[in-house]
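Residue-level listing of the chains:
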Amino acid sequence: MLTSEQATALAIDTTKAFRSEHARLNRFVRYIRGRQKLPWLPDNVDGEYRDIAVKSASNWLDLVLRASVQGLYVDGYGDAEQSDLWGTVWQANGMDARQHALHKAAGSLGYAFLIVFPSDDGGVWMRPESATNMAAVYDDPADEWPRHAVRITGKDRFELYDAEARYTIDRGMVTVAPHDLGFTPVAQMRWGMDLLGTPMGEVEPVITIQDRIVDATFTLQMVAKYGAFPQRWIAGIDTSKPLVDDDGNVLTDSDGNPLFPTIKAYVDSILTAVDPDTKFGQFAAADLRQYVEALEAHIRHLAAITQTPPHYLLGSLVNLSAEALAAAEAGLQRKIAEKRVVLGEGYEQSMRAAAAILGNEEAANDMSSQVRWRDVESRSLAQTSDALLKLSQLGVPAEVLFAKIPGFSDQDVQRALAIREASGGIDALMRQIEAANTPQTPADPLA
């Protein structure tokens, strides 16, 4: 076990080693929060132009990320034998809600972390953590658990995890909490598997496209403000001569400077001239459709690269059939299926660690149990019911079919099975329904 001095030095050195990585990740955080790079402007530009530039930074990347994250919801783990583990670990730590924050962090940065540690009450303490606030060191990139990990909790405050204990470091004071698990209980939750380097999230590959969208939006707003209004011209007025009153005296300002005629055209104003030789005209207004089409082209590039259905971003959904809608979302569903496989490995690793903390050796060594993901794909209830009915006629057990019902959690499945058994089984239930629907022969009043 490390001494206080060793734990403090290791935490500080690890944090310094990951300083450049955290700076890289914080750039992605700025983009996902809507603080994108603004269009280039000269230093002496008017404040009106700067205001338009700020308004041009639309947060498209958050919408792209949410399209994937909203399809990721862990709804169960293992079979009925792991139901206690699911309740005492997953739900006791509020992971039903916290998993969304973990998925968003992993999708934004490429990876996140899930800490699993013994709690003071004899249970399991499980918390997700962003990669911007944590660093993990691996002896080999293929290792399941890191050699050690450091969580940054504040200025000069850290939590160091290794294979023996957790060291809480608060401004030089060190508190040790042994766990004796034999591994560092921090699982890395990856957005994807990549043998070429650090996993990339949704932000990194499309930063340049997001910047192009901001530039195109800025151009559109500038043209809409200064080019869509027809520019007028006037000929026959000499603006070099100062203004005079009716007596021929030159008009001056408060400093005694002569005033010259100034002409400003507004939407609600009319230009007039005393000289009958004055001529008026106007230039053609800018065509905004070209700029809108250019902006939509960049958005379509973003949709193609991220496998996001275009109608999610452009709102161009018009009278699509169920088949057409499924085809439009096929790419997104394939991407979500990939993320479920990769993220699921991290969750299963964490649940095995939780079982080891609780002393459940069988569940800790069970490599076959998997997390179950909620089915959020768009399909009609009638279509699903028809498919499940046909599967039941082929002999598929009700326990399997109930788990396939959209929106059914583990608790819903167990309650349905309990009701089924209490009513004498599905066959008895069907007989009751059939009897209720069979017309009864009325009794003969003369009998």
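These numbers come from a predicted model, not from an experiment.

Some points on the pairing of strand β6 (residues 157-161)
Stage number 1. Within β6, four of the five residues are buried, which leaves the element mostly enclosed by the surrounding structure.
Stage number 2. Summarising the sheet, strand β5 (residues 148-154) and β6 pair through five bridges and their orientation is antiparallel. Bridge pairing in β6 links Ala-149 to Tyr-161.
Stage number 3. In textbook terms, the turn of a hairpin is the stretch between consecutive antiparallel strands, and for β5 and β6 this stretch comprises two residues, one of which, Asp-156, has a positive phi near 60°.
Stage number 4. One ladder, built from five bridges, connects β6 with strand β7 (residues 165-170); its direction is antiparallel. Along β7, the bridge assignment pairs Phe-158 with Ile-169.
Stage number 5. Taken together, β6 and the strand that follows it, β7, pair antiparallel across an intervening segment of three residues.

What to know about the sheet that holds strand β3 (residues 124-130)
Stage number 1. Taking strand neighbours across the sheet as the criterion, the three strands line up as β3-β2-β9 in an open arrangement whose pairing is antiparallel. Of all the strands in the sheet, just β3 and β9 (186-190) have a single pairing partner and so form its edges. With strand direction ignored, the average angle separating the axes of adjacent strands in the sheet is 20°.
Stage number 2. Bridge count for strand β2 (residues 111-118) against β3 is seven bridges, and the pairing is antiparallel. What sits directly across from Phe-113, in β3, is Glu-129.

Some points on unusual backbone geometry
Stage number 1. One non-glycine residue, Asp-156, lies in the positive phi region at around 60°.
Stage number 2. Its place among the elements puts Asp-156 in the loop between β5 and β6.
Stage number 3. Although it is not a glycine, Asp-180 sits at a positive phi angle of roughly 55°.
Stage number 4. Its place among the elements puts Asp-180 in the loop between β8 (173-178) and β9.
Stage number 5. Note on Asp-180: relative accessible area 67%, which makes it exposed.

Description of a nonpolar patch on the surface
Stage number 1. A cluster of nonpolar residues, Leu-243, Leu-251 and Leu-259, forms a patch on the protein surface that exposes about 200 Å² of accessible area.
Stage number 2. Mapped onto the secondary structure, Leu-259 falls in the loop between β10 (232-235) and β11 (279-282).
Stage number 3. On the accessibility criterion, Leu-259 (34% relative accessible area) is partly exposed.

As for the environment of Leu-417
Stage number 1. If you trace the backbone, Leu-417 turns up in helix α15 (residues 410-422).
Stage number 2. Since its relative accessible area comes to 14%, Leu-417 is described here as buried.
Stage number 3. Spatially, the C-alpha atoms of Leu-417 and Glu-399 are 7.1 Å apart, while their sequence positions differ by 18 residues.
Stage number 4. Apart from residues lying up to four places away in sequence, Leu-417 is in contact with Ala-398, Glu-399 and Phe-402.

Here's the deal with the sheet that holds strand β4 (residues 134-137)
Stage number 1. Sheet architecture is open: five strands sit in the order β4-β5-β6-β7-β8, paired in antiparallel fashion. Here the strands that pair on one side only, and so sit at the sheet edges, are β4 and β8. With direction set aside, neighbouring strand axes in the sheet form an average angle of 15°.
Stage number 2. Docked against the sheet, helix α1 (residues 4-17) engages β4, β5, β6, β7 and β8, running at close to 85° with respect to β5.

Section: the packing of helix α2 (residues 19-32) against helix α7 (residues 207-226)
Stage number 1. Interhelical geometry of α2 versus α7 gives an angle of 40° and a closest axis separation of 12 Å. For α2 against α7, the interelement crossing comes out left-handed. Mapping the contact onto sequence places Arg-27, Phe-28 and Tyr-31 in α2 and Ile-207, Gln-210 and Asp-211 in α7.
Stage number 2. Considering only residue class, the contact of α2 with α7 consists of three nonpolar, one polar and two charged.

Considering the pattern of salt bridges
Side-chain pairing between opposite charges can occur once the charged atoms of the two side chains come close.
Stage number 1. Taken as a whole and assessed by the stated rule, the structure comprises 16 salt bridges.
Stage number 2. The partner of Asp-62 in a salt bridge is Arg-66, and the shortest N-O contact between them spans 2.8 Å. One end of the pair, Asp-62, and the other, Arg-66, are both in helix α4 (residues 60-69), four residues apart, so they sit about a helical turn from each other.
Stage number 3. Residue class for Asp-62 comes out buried when judged on its relative accessible area of 13%.

Cut-off values and rules
Residues numbered from 1 in each chain as written. Predicted model: local features only at pLDDT ≥ 70, side-chain atom pairs only at ≥ 80, totals over all residues. Heavy atoms only, no water. Buried < 20%, exposed > 50% of the residue type's maximum accessible area, 1.4 Å probe, protein only. Helix = DSSP H or I, 4+ residues; strand = E, 2+ residues; numbered from the N terminus. Pairing = 2+ DSSP bridges. Axes fitted to C-alpha atoms, helices over the stretch in contact; angles between N-to-C directions. Patch = residues over 30% accessible without salt bridge, like charges linked within 9 Å, V, L, I, M, F, W, Y side chains within 5 Å. Areas by Shrake-Rupley, 256 points an atom, 1.4 Å probe, with all protein chains shown as cover. Salt bridge = Lys/Arg side-chain N within 4 Å of Asp/Glu carboxyl O. Contact = heavy atoms within 4.5 Å. Left-handed = near helix turned anticlockwise from the far one by under 90°. Nonpolar A, V, L, I, M, F, W, Y, C, P; charged D, E, K, R; others polar.

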